[in-house]
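Single-letter residue listing:
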Amino acid sequence: MDIFNEDLIRYNSWANQQIIAILSANPAKVSDRCAELISHILNVHQIWNGKIKPTLGTYESWDVHPLVLMPEFDRLNTKSTLEILEHSIIGQAIEYQTKSGATIVNSVQEILYQIITHSSYHRGQIATELRNVGIEPTLTDYIYYKMTSAK
């Protein structure tokens, strides 16, 4: 398995779990937008996994889930992505259709990178939302993950 990409996928899950924990600890202060954004992160991760390894069903990108279900949803996404890494060639071309019907081709590597950057972008939006209601968000930077996971 590609060690660096495995590490990035594990980091992504760790960061998602950090956000889910802070949202769960502050239900009265957390905006609906935060729930929408973390659900979106998880939904889109599943959608991208499904482009590489088609599954029986996926959520729509903006479906909202109960916060209590999100830790397990994230774990399942991560497990699927790690299985993809284990059984795929990182440069393998994946052909898929957009919602508008266009045919697109990206490598497994490009899709994995999309999952990571998309998640990071929206976690940043959640951090802003949290600060707006007086909650200091936890650090979810990759380098912080490396520092804390090395202990």
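Cut-off values and rules
Residues numbered from 1 in each chain as written. Predicted model: local features only at pLDDT ≥ 70, side-chain atom pairs only at ≥ 80, totals over all residues. Heavy atoms only, no water. 1 Å grid on protein atoms, 1.4 Å probe; cavity = no way out; pocket = protein on both sides within 12 Å on 5 of 7 lines; lining within 4 Å. Points joined across faces, edges and corners; volume = space filled by probe spheres on them. Helix = DSSP H or I, 4+ residues; strand = E, 2+ residues; numbered from the N terminus. Nonpolar A, V, L, I, M, F, W, Y, C, P; charged D, E, K, R; others polar. Axes fitted to C-alpha atoms, helices over the stretch in contact; angles between N-to-C directions. Parallel < 35°, antiparallel > 145°, perpendicular 65-115°, else oblique. Left-handed = near helix turned anticlockwise from the far one by under 90°. Contact = heavy atoms within 4.5 Å. Phe/Tyr/Trp six-rings, centres within 6.5 Å; stacked < 30°, edge-to-face > 60°. Buried < 20%, exposed > 50% of the residue type's maximum accessible area, 1.4 Å probe, protein only. Lys NZ or Arg CZ within 6 Å of the ring centre and 35° of its normal. Pairing = 2+ DSSP bridges. Expected span 1.5 Å × (residues − 1). Salt bridge = Lys/Arg side-chain N within 4 Å of Asp/Glu carboxyl O.

Trainee: Describe empty space enclosed by the protein, naming the residues involved and giving the relevant values.
Mentor: The full count for this structure, using the stated rule, is 1 cavity of 30 Å³ or more. One number sums up the size of the largest cavity: a volume of about 40 Å³. Lining the largest cavity, in full, are N5, L8, I9, Q109, L112, Y113 and I116. Among the elements of the structure, α1 (3-25) and α4 (108-132) are those that each provide at least two residues to the lining of the largest cavity. With 4 residues, α4 is the single largest residue contributor to the lining of the largest cavity. Taken together, the residues that form the lining of the largest cavity break down as 5 nonpolar, 2 polar and no charged.

Trainee: Let's hear about the packing of α1 against α4: which residues, and what values?
Mentor: Viewed as axis vectors pointing N to C, α1 and α4 meet at an angle of 25°, and their least axial separation amounts to 10 Å. The orientation of α1 relative to α4 falls into the category roughly parallel. Crossing handedness for the pair α1 and α4: left-handed. Facing α1, whose interface residues are N5, L8, I9, Y11, N12, A15, N16, I19, I22 and L23, α4 presents Q109, L112, I115, I116, S119, S120, R123, I126 and L130. Looking at the contact of α1 with α4 residue by residue, the classes come out as 12 nonpolar, 6 polar and 1 charged.

Trainee: Explain the packing of aromatic side chains to me, and be specific about the residues and the numbers.
Mentor: The tally for this structure, following the rule as stated, stands at 8 aromatic pairs. With a centroid separation of 5.5 Å and an interplanar angle of 85°, the aromatic rings of W48 and Y96 are classed as edge-to-face. Here W48, found in helix α2 (residues 32-52), pairs with Y96, found in strand β1 (residues 93-97); they are 48 residues apart in sequence, far enough to count as distant. Just as W48 is buried, Y96 falls in that class too. Feature note: the residues Y11, W14, Y142, Y144 and Y145 constitute an aromatic cluster, connected by ring pairs. The cationic tip of K51 hangs over the ring face of W48; the distance from NZ or CZ to the ring centre is 5.5 Å.

Trainee: Tell me about the pairing of β1, and name the residues and values.
Mentor: Only one face of β1 is covered, namely the face carrying I94 and Y96; the face carrying A93, E95 and Q97 is uncovered. Looking at chain direction, β1 and strand β2 (residues 103-107) are connected through 5 bridges and run antiparallel. Counterpart to Y96 in the pairing with β2 is I104. Adjacent in sequence and paired antiparallel, β1 and β2 are bridged by 5 residues, among which G101 carries a positive phi angle near 95°.

Trainee: Any details on α4? Residues and values, ideally.
Mentor: Helix length check: α4, at 25 residues, gives a terminal C-alpha distance of 37 Å against a target of 36 Å (1.5 Å per residue), a fit within 8%. Along α4, the residues that are buried comprise V108, I111, L112, I115, I116, H118, S119, H122, R123, I126, A127 and L130. At its buried positions, α4 is contacted by α1, α2, α3 (70-87), β1 and β2. G134 sits one or two positions beyond α4 and adopts a positive phi of about 85°.

Trainee: I'd like a description of the pattern of salt bridges, backed by residues and values.
Mentor: What the rule picks out here adds up to 8 salt bridges. In this structure, R10 and E6 form a salt bridge, with 3.0 Å as the shortest nitrogen-oxygen distance. With a gap of 4 residues between them, R10 and E6 both fall in helix α1, about one helical turn apart. With its nearest N and O atoms 2.9 Å apart, the salt bridge here joins K99 to E60. Here K99, found in the loop between β1 and β2, pairs with E60, found in the loop between α2 and α3; they are 39 residues apart in sequence, far enough to count as distant. By relative accessible area, which is 44% here, E60 ends up partly exposed.

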